Amino acid sequence: MTQLTLTNEIEQTESPGSAVHTIRSASDVSQLVNNSTQARSNARIIVAIALGGIFLDAYDLGALAFGVKDITREFGLGPKGIGLVVSAITMGAIVGALIGGYLTDKIGRYRVFMADMFFFVFAAILGALAPNAEVLGISRFIMGLGIGIDLPVAMAFLAEFSRLKGRGNKAASIAMWCPTWYAAISVSYLLVLGFFYWLPESQTASLWRYIVGFGAVPALVILTIRKRYMTESPVWAANQGDLEQAAQILRVSYNIPAVAAPQTEVAGSSTAIKHKASWKNYGLLLRGHYLRRTILTSVMSFVSPFAYGAIAFGLPIIVSTLFQQSMLTTILVSLALNLFFAFTGGLAAVRLVPRFGARAMSIAGYACQLVALLGLALAGRPDDELKAALCCAYLALFLLGQGFGPGAQTMVYASLSYPASIRGVGVGLNQTITRFATTIALFLFPLLTASLDTGLFWVIALSPVLGLLALFAIRWEPAGYDIDAEDYADVVQR
């Protein structure tokens, strides 16, 4: 176990009716956030807004799932062509994650968070009006840039506006990204259902255009709300040496009466550590005690989205293959599986991770997925309703395990394995690997389906196996650990 030795304490000066906290370093700010029992209404709003961006990420990533067949038919695409179109969004996210991770640490959480919404608005409108596959692919790439930039900063906000322990702690707040993601997927399915009934039959083939274009509406709403309520992370501001701004954020967002110590008192102090962003910080992730964490999070960041990307994006296709029924049946079954199993699993992650930890829940989730994928591989293509129902049960088990296990916990590992000074690049690397894995899954899924049929589940089953091996080989538990203290303390290998 690592022992962290903090070199300073926060001075409390009594004032009428409250204790005024004098902050002299970023360590003081981090401790106040971690241990605050003050009213945190604005902080909760900021966490909710960060989750709003994740909601939009999931919506835009899944918006095209029901339109694959229509896009293929409209633009005359083969398996490779449609694979490139649907994977363009994750290709953009790879680039966006690298840039976004660096910018999150370099120019601050707030500026990046406000800027990335413009990618969503422009790309949604461009995609809805795309005259050919090339323009559609470009619009999806631009959308991916926004998604890649948004995730690192969103995770930084969730980690840095939440307390260390208790209800609504850091691990639970970050895990909340998972049910938010599945809620967005369910909303996209509901929108598909609504447009399916609302559009005249002659417009059914253009359903995908309405779904993609609608993404501009929540993006504009989220941008407006962010402008009204968002503020900079107090920990990031303090890391840049701006204790005045950090104290102001603590007062506004937490109702903590904090003041910055006089500059003459702080200047030259050994506790006044400044952490500046650099591209070289990506190299820090591969050094010292961070190396083991990076290996573990990287493995999880690859295998989990690869399996989920294939199953989630292919869910409408898988369901229609299993049942060979109408579009309506496909929509309803896909909606039910996501809402009642993936979303429920995500909520369970939020409630249970403070109690059981991220590692135990990840192991349990991978185990559920392995059982589900082996069951689907052995079942093959069902030839009666009973076998089809059994296959649906396996899909439900997979999504449930994803929800409470690696789906939620991989992000907990990525966000809480690194302190605030390198959290942006840490999550940026995680998202680069995640999007790379998803790109491969989206590109290969049509090809594997065409060549292996239901045998593709044998390939996907390798993912939870690798995840389990990594977790048993590297025993690291980020939940409940004060990771930000590593920025300000002498750290002994954990």
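All figures in this text were calculated on a predicted structure; none of them were measured in a lab. (Residues numbered from 1 in each chain as written. Predicted model: local features only at pLDDT ≥ 70, side-chain atom pairs only at ≥ 80, totals over all residues. Heavy atoms only, no water.)

A. Local environment of the overall build of the chain. Assigned secondary structure in the chain consists of 23 helices and 5 strands. The buried share of the chain, taken over its 494 residues, is 60%. Summed over its atoms, the accessible surface of the chain is roughly 19100 Å², and 65% of this surface lies on carbon and sulfur atoms. (Helix = DSSP H or I, 4+ residues; strand = E, 2+ residues; numbered from the N terminus. Buried < 20%, exposed > 50% of the residue type's maximum accessible area, 1.4 Å probe, protein only. Areas by Shrake-Rupley, 256 points an atom, 1.4 Å probe, with all protein chains shown as cover.)

B. Here's a closer look at the packing of helix H6 (residues 117–128) against helix H11 (residues 216–229). Close contact between H6 and H11 brings their axes to 8 Å; oriented N to C, the two are set at 160°. If you check the angle between H6 and H11, you find them roughly antiparallel. When the axes of H6 and H11 are compared, the crossing they make is left-handed. Residues Met-117, Phe-118, Phe-120, Val-121, Ala-124 and Ile-125 of H6 touch H11, and the partners they reach there are Ala-216, Ala-219, Leu-220, Ile-222, Leu-223 and Arg-226. Partitioning the contact of H6 with H11 into residue classes produces 11 nonpolar, no polar and 1 charged. (Axes fitted to C-alpha atoms, helices over the stretch in contact; angles between N-to-C directions. Parallel < 35°, antiparallel > 145°, perpendicular 65-115°, else oblique. Left-handed = near helix turned anticlockwise from the far one by under 90°. Contact = heavy atoms within 4.5 Å. Nonpolar A, V, L, I, M, F, W, Y, C, P; charged D, E, K, R; others polar.)

C. Representation of the pattern of salt bridges within the structure. Applying the stated rule across the entire model yields 9 salt bridges. A salt bridge links Arg-109 to Asp-105; its shortest N-O distance comes to 3.0 Å. Overall, the relative accessible area of 3% leaves Asp-105 in the buried class. Arg-293 serves as the salt-bridge partner of Glu-486, at 2.9 Å between the closest nitrogen and oxygen. Here Arg-293 lies in helix H16 (residues 290–323) and Glu-486 lies in the loop between helix H23 (462–473) and strand E5 (490–491), a separation of 193 residues in the sequence. (Salt bridge = Lys/Arg side-chain N within 4 Å of Asp/Glu carboxyl O.)

D. Structural detail: the environment of Leu-347. Mapped onto the fold, Leu-347 is located in helix H17 (residues 327–356). Through-space distance from the C-alpha of Leu-347 to that of Thr-180 is 9.0 Å; in sequence the pair is 167 residues apart.

E. Here's a closer look at the packing of aromatic side chains. One pass over the structure, following the stated rule, counts 10 aromatic pairs. Seen from their ring centres, Trp-177 and Trp-181 are 5.5 Å apart, and the 70° between their planes marks the pair as edge-to-face. Of this pair, Trp-177 and Trp-181 both sit in helix H9 (residues 177–198), separated by 4 residues, roughly a single helical turn. Ring geometry for Tyr-290 against Tyr-418: centres 6.0 Å apart, planes inclined by 50°, an arrangement best described as tilted. Taken together, the residues span a long stretch of sequence, with Tyr-290 in helix H16 and Tyr-418 in the loop between helix H20 (406–416) and helix H21 (420–452) at a distance of 128 residues. Just as Tyr-290 is buried, Tyr-418 falls in that class too. Taken together, the aromatic side chains of Tyr-102, Trp-279 and Tyr-282 make up a single cluster linked through ring pairs. A cation over a ring is seen here: Arg-226 above Phe-113, with NZ or CZ 3.5 Å from the ring centre. Taking the ring centre of Trp-476 as reference, the NZ or CZ of Arg-293 above it sits at 4.1 Å. (Phe/Tyr/Trp six-rings, centres within 6.5 Å; stacked < 30°, edge-to-face > 60°. Lys NZ or Arg CZ within 6 Å of the ring centre and 35° of its normal.)

F. Focus on a nonpolar patch on the surface. A contiguous nonpolar surface patch, about 580 Å² in accessible area, is contributed by Leu-84, Met-91, Val-95, Leu-98, Ile-99, Phe-141 and Trp-279. The greatest single-element share of the nonpolar patch, amounting to 5 residues, is contributed by helix H4 (residues 79–106). Examined against the element boundaries, Leu-84 turns out to sit in helix H4. The class of Leu-84 is partly exposed, set by a relative accessible area of 48%. (Patch = residues over 30% accessible without salt bridge, like charges linked within 9 Å, V, L, I, M, F, W, Y side chains within 5 Å.)

G. Quick look at the side chain of Glu-232. On the secondary structure map, Glu-232 appears in the loop between H11 and helix H12 (234–239). Arg-109 provides the closest opposite charge to the buried, unpaired Glu-232, separated from it by 5.0 Å. Within the structure, Glu-232 has its side chain in polar contact with the backbone nitrogen of Arg-109 (distance 3.0 Å). Side-chain polar atoms of Glu-232 contact the backbone nitrogen of Tyr-110, separated by 3.2 Å. (Lys, Arg positive; Asp, Glu negative; His and termini not counted. Polar contact = N/O pair within 3.5 Å; in protein donor to acceptor, adjacent residues only side chain to side chain.)

H. Quick peek at the packing of H9 against helix H10 (residues 207–214). H10 packs onto H9 with a crossing angle of 135° between their chain directions and a minimal axis gap of 10 Å. By the criterion of interaxial angle, the relationship of H9 to H10 is oblique. When you trace H9 past H10, the crossing you get is right-handed. Here Leu-191, Val-192, Phe-195, Phe-196 and Trp-198 of H9 lie close against H10, whose contacting residues are Leu-207, Tyr-210, Ile-211 and Phe-214.

Keep in mind that these numbers describe shape and distance, not what the molecule does.
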